[in-house]
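So you can see what is in the structure, the chains are spelled out below.
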Amino acid sequence: MATRFMDPHDVPTIPGTEGWETMYPYQYQFSKDDPERSAFESSQIWFYDGLHYPEPHYPFDLIWDEAWSLALSQYNTRHFMVPPALGIAHRIVNGYVYISPVGVPTMEEIEKRVPLFVERAGYYYENWDRLYENWKKKMTAVLEQLEATTFTDLPEMEDIRIIRDGVGKGSGYEMLKKYDELINLGLLCWQHHFEFLNLAYAAQVTFFNTADQIFPGIPISTLVKMSAGMEALLFRPDAELISLSKLAVSAGLEDVFAKPLKAEQLMAELEKIPVGKEWLSQLHKSRYPWFYISTGTGWYHTHISWNDNLNIPFDAIRTNIKALKAGKEIGRPTESLLKERDRIAEEYRGLIRSDDDRAAFDQALSVARLALPYAEDHTFYVEHWFHSLFWGKIRQVGKVLENAGFMENADTDIWYLKRDEIKQAIWDYTTAWATGIKPRGPSYWPKQIARRKEIYQKFKEWTPPPALGTPPEVVTEPFTIVMWGVTGDVLKGWLAGPEEGEVSNEIQGSPGSSGVVEGKARVLMSVEELADLQEGEILVARTTSPSWAPSFVKIAGAVTDVGGPMCHAAIVCREYGLPTVVGTGKGTQRIKTGDLIRIDGDTGKVVILERAKA
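Residues numbered from 1 in each chain as written. Predicted model: local features only at pLDDT ≥ 70, side-chain atom pairs only at ≥ 80, totals over all residues. Heavy atoms only, no water.

Structural notes on the overall build of the protein chain
Selection criterion: By the criteria applied, helices consist of DSSP H or I runs no shorter than four residues and strands consist of E runs no shorter than two, each listed in order from the N terminus. Put simply, the radius of gyration uses C-alpha atoms, and a globule should come to 2.2 Å times the residue count raised to 0.38. Residue exposure ignores everything except the shown protein chains as possible cover, and the areas themselves are Shrake-Rupley values with a 1.4 Å probe.
For the protein chain, the count of helices and strands is 21 helices and twelve strands. For 614 residues, the compact-globule formula gives about 25 Å, and the C-alpha radius of gyration of the protein chain, at 26 Å, lands near that figure. The dimensions of the protein chain, computed from C-alpha atoms along their principal axes, are 80 × 70 × 60 Å. Of the roughly 27,500 Å² of accessible surface on the protein chain, 52% is carried by carbon and sulfur atoms.

So, in structure tokens, the structure goes:
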């Protein structure tokens, strides 16, 4: 068996994509220019971040990867002095992002960081509620500023008010300034994103380690149950849909919803009747902000929100109405989860023999429960609410450039420019406007965009290897383990195969959500395929999104390619009591729609019991 993956400098260029590197920042490239940097790159393990990025990156969309590269790493390395971990290094290969955790090199340095971490992180844990309330105010201010930002074409002539008020500046300058402010708002949002997140996950890892010292070998699937049953904003959009569904049933609107109408047509029908108008009034209250939930992870401009396509939540409401009429309970089984978590925690606590161990167990569990809701709350504020609005503002910028002839279609083209290139295009546009001459952009950017579209399509046809470089003896970085599910055993599994053509009916992943279930598999590669899900099927996907929760009423379980026990998919499925296995690596490739499978959410094992007939 191989002991290392392909060297990151040796990944071949896909024929026809020569020069692709110019689509992304230069620091994202693997390079042999600097021997020291090159040696570092070869000595590290780099794994493909399929958890966040199931597709290659559009040049503009890389902004969020840059944002978290800065934010996560600074809070580990410079703010909280996390003892064993520095930041996470980022590179890009053929459009796919690879990341590498950077550990603190010596035990002596780790020990020096311990008291600093205790002081700094301890302050946050001790003042969590007050600081978190302050965090919400900061995020609300960012969102209000974002909503107030707009971009329109430059005027033929400045308004007379500019003259009479002696404003002393022009619309071109304002557009350049607003674009910078828009980008800075995005980066600021991500600074806030990680203010609590590293600590939220560190609290879970600390509890896992504390419990494992007291009960060696205790399954992680048991530990995560002790923090289940939480309340988090991320569950609110689905709760709003359920509330709207129940309202539709109680108002006798089932027959209206049963009609095969698009959302716009259905709303027009509801507008004709008094109870329908009341329902629409409640819908409006639910939409803002709860329908700003993305149909995907929110990291791509293509991941539109429910507010951008109301057909998606309306289909979910129809499914809920059918379930309610059939007498089904829908929503999260929070009460039973809370009873179960308290029972398990009390039983284990009762087995602890020393007061010191009992105190350590109680404190670690208390902090883990306190911090966990943030791990999901921030996602709604940032990846869903903020990103949904942000993509819309960039589309406004694209429309201005489309109207000026810089691109043919703003909705599809602007994403092929890097954020700095958009700023250059705005400079070209504004200076030509100011001078009264033709800009160069209309003869320059369409050709660049056409070429990049060709390259991007070839990226999509390429399968990125799961990892590159040299595996460490032991994976110690806590986020890598609990978030991405990358451990030493996982890396060995990736190195081992299966070989090309080998048939195996067992797949080992990580425990996601407890329970054993059998059912027909439904392999989905995009949110558009959710409508294909049938009652009782097991969803198999690269990853899942919180906005998929309304579909959980149909399915018996879930399997994902990526993720660890604390990834969003695992947390969300646990809160819905849905048996789930995460981090299978190639589940979507090895399982086919129609296969009969059994999944065990406690052991992470998936067994293909019977192959679908061709």
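Next comes the rest of the description.
Details of the pairing of strand β12 (residues 605-610)
Note the cut-off: A pair of strands is considered paired only if DSSP assigns at least 2 bridges between the two.
The pairing of strand β5 (residues 506-508) with β12 spans three bridges and is antiparallel. Counted as the bridge partner of E506 is V607 from β12. Of the pairings in the sheet, the one linking strand β11 (residues 596-600) to β12 comprises five bridges and is antiparallel in character. The residue bridging D600 from the neighbouring strand is K605, located in β12.

A few points about the sheet that holds strand β2 (residues 85-93)
Counted only if it meets this: Here, axes are lines fitted to C-alpha atoms. For helices the fit covers the stretch in contact, and angles between N-to-C directions go from 0 to 180 degrees.
Reading across from one edge, β2-β3-β1-β4 is the order of the four strands in this open sheet, with antiparallel pairing throughout. The sheet is open, and its two borders are formed by β2 and β4 (467-469), each paired with just one other strand. Along the sheet, successive strands turn relative to each other by an average axial angle of 25°, direction set aside. Direction of pairing for strand β1 (residues 45-48) relative to β4: antiparallel, over a ladder of three bridges. Residue pairing in the sheet places W46 in a bridge with L468 of β4.

Some thoughts on the packing of aromatic side chains
How we decide: Planes of paired rings set the category: under 30 degrees apart is stacked, over 60 is edge-to-face and the rest tilted, where pairs are Phe, Tyr or Trp rings (Trp by its six-membered ring) whose centres lie within 6.5 Å. Whether a residue is buried, partly exposed or exposed follows from its accessible area with a 1.4 Å probe, protein chains only, as a fraction of its type maximum: under 20%, in between, or over 50%, in that order.
Taken as a whole and assessed by the stated rule, the structure comprises 53 aromatic pairs. Taking the centre distance of 6.4 Å and the plane angle of 80° together, the rings of Y53 and Y300 count as edge-to-face. With Y53 in the loop between β1 and α2 (63-79) and Y300 in the loop between α11 (274-290) and α12 (311-325), this pair connects stretches of sequence that are 247 residues apart. The burial state of Y53 is the same as that of Y300; both residues are buried. With a centroid separation of 5.7 Å and 45° between ring planes, the pair formed by Y132 and W135 is classed as tilted.

What to know about the pattern of salt bridges
Any two side chains of opposite charge can pair if their charged atoms end up close together. Worth spelling out the cut-off: We count a salt bridge whenever a side-chain nitrogen from Lys or Arg sits within 4 Å of a carboxyl oxygen from Asp or Glu.
Going through the model one piece at a time under the given rule, you end up with 35 salt bridges. Here R91 and E41 are joined by a salt bridge, their closest N and O atoms 2.9 Å apart. Here the residue R91 occupies a position in strand β2, and E41 occupies one in helix α1 (residues 35-43), the gap between them amounting to 50 residues. According to the relative accessible area criterion, R91 is buried, its value standing at 6%. Given the relative accessible area of 0%, E41 is considered buried.

Observations regarding the nonpolar core
In plain terms, the rule: Nonpolar core, defined: a set of buried Ala, Val, Leu, Ile, Met, Phe, Trp, Tyr and Cys residues in which side-chain atoms within 4.5 Å join the residues together. Here a residue-residue contact requires only that any non-hydrogen atoms of the pair lie within 4.5 Å.
The biggest cluster of nonpolar side chains holds 164 residues, and the ones touching the most others in it are F60, W68, F207, F257, W279, F390 and W484. Apart from the residues within four sequence positions on either side, F257 is in contact with A248, L266, L270, W279, F314, I317, R318 and I321.

Focus: the sheet that holds strand β10 (residues 580-582)
Pairing is mixed in the open sheet, where eight strands are placed in the order β5-β12-β11-β7-β8-β9-β10-β6. The two strands at the open ends of the sheet, each matched to only one other strand, are β5 and β6 (510-513). Shown here is a sheet whose adjacent strand axes are inclined to one another by a mean of 30°, direction ignored. In terms of strand pairing, strand β7 (residues 516-524) meets β11 through five bridges, oriented antiparallel. Bridging from a neighbouring strand, G519 pairs with I597 of β11. Strands in contact with helix α20 (residues 568-575) are β6, β9 (557-560) and β10; relative to β6, the strand with the most contacts, it is inclined by about 45°.

Observations concerning helix α17 (residues 441-460)
Rules: Expected helix span is computed as 1.5 Å times (number of residues minus one). It is the directions from the helix axis to the C-beta atoms that the arc portrays.
Its 20 residues give α17 an end-to-end C-alpha distance of 28 Å, which sits within 8% of 28 Å, the value for a rise of 1.5 Å per residue. Along α17, the residues classified as buried are G441, W445, I449, R452, I455, Y456 and F459. In a view along the axis of α17, the buried residues occupy a sector of 130°, so they form one face of it. Where α17 is buried, its residues contact β3 (96-103), α15 (410-413) and α16 (419-435).

With respect to the packing of helix α6 (residues 171-214) against helix α14 (residues 355-403)
The condition that has to hold: Orientation is classified from the angle alone, with under 35 degrees giving roughly parallel, over 145 giving roughly antiparallel, 65 to 115 giving roughly perpendicular, and any other angle giving oblique. When the near helix sits turned anticlockwise from the far one by under a right angle, the crossing is termed left-handed; a clockwise turn instead gives a right-handed crossing. Residues are sorted three ways: Asp, Glu, Lys and Arg are charged, Ala, Val, Leu, Ile, Met, Phe, Trp, Tyr, Cys and Pro are nonpolar, and all the rest, Gly among them, are polar.
Put simply, α6 and α14 touch, their axes get as near as 7 Å, and they point 160° apart. One way to sum up the angle between α6 and α14 is to call them roughly antiparallel. Seen from above, α6 lies across α14 with left-handed handedness. Tallied by class, the residues present in the contact of α6 with α14 amount to 30 nonpolar, seven polar and three charged.

Some words on unusual backbone geometry
With omega at 10°, the peptide bond leading from Y288 into P289 counts as cis. Tracing the chain through its elements places P289 in helix α11. Phi angles above zero are rare outside glycine, and N94 is one such case at about 50°. Within the element layout of this structure, N94 appears in the loop between β2 and β3. Of the residues examined, N94 reaches a relative accessible area of 2% and is grouped as buried.

Brief notes about helix α3 (residues 107-126)
Put simply, the rule reads: For a residue, the bend is simply the angle between two axes, fitted respectively to the seven-residue segment ending there and the seven-residue segment starting there.
If you check α3, its first and last C-alpha atoms are 27 Å apart, about what 20 residues at 1.5 Å a residue would give, namely 28 Å. L116 marks the point of greatest bend in α3, at about 30°. All buried positions along α3 are accounted for by I110, R113, F117, A121, G122, Y124 and Y125. Lining the buried residues of α3 we find α2, β2, α4 (128-147), α6 and α14.

Overview of the environment of G298
Tracing the backbone shows G298 in the loop between α11 and α12. For G298, a relative accessible area of 0% translates into the label buried. As for G298 and W64, which are separated by 234 residues in sequence, their C-alpha atoms are 9.9 Å apart. Dropping the residues within four chain positions of it, G298 is found in contact with H303, E383, H387 and W391.

Topic: the side chain of T543
Residue position: T543 is located in the loop between β8 (538-541) and β9. The residues touching T543, leaving out its near neighbours within four places in the chain, are L51, T297, W548, T560, V562 and A569.

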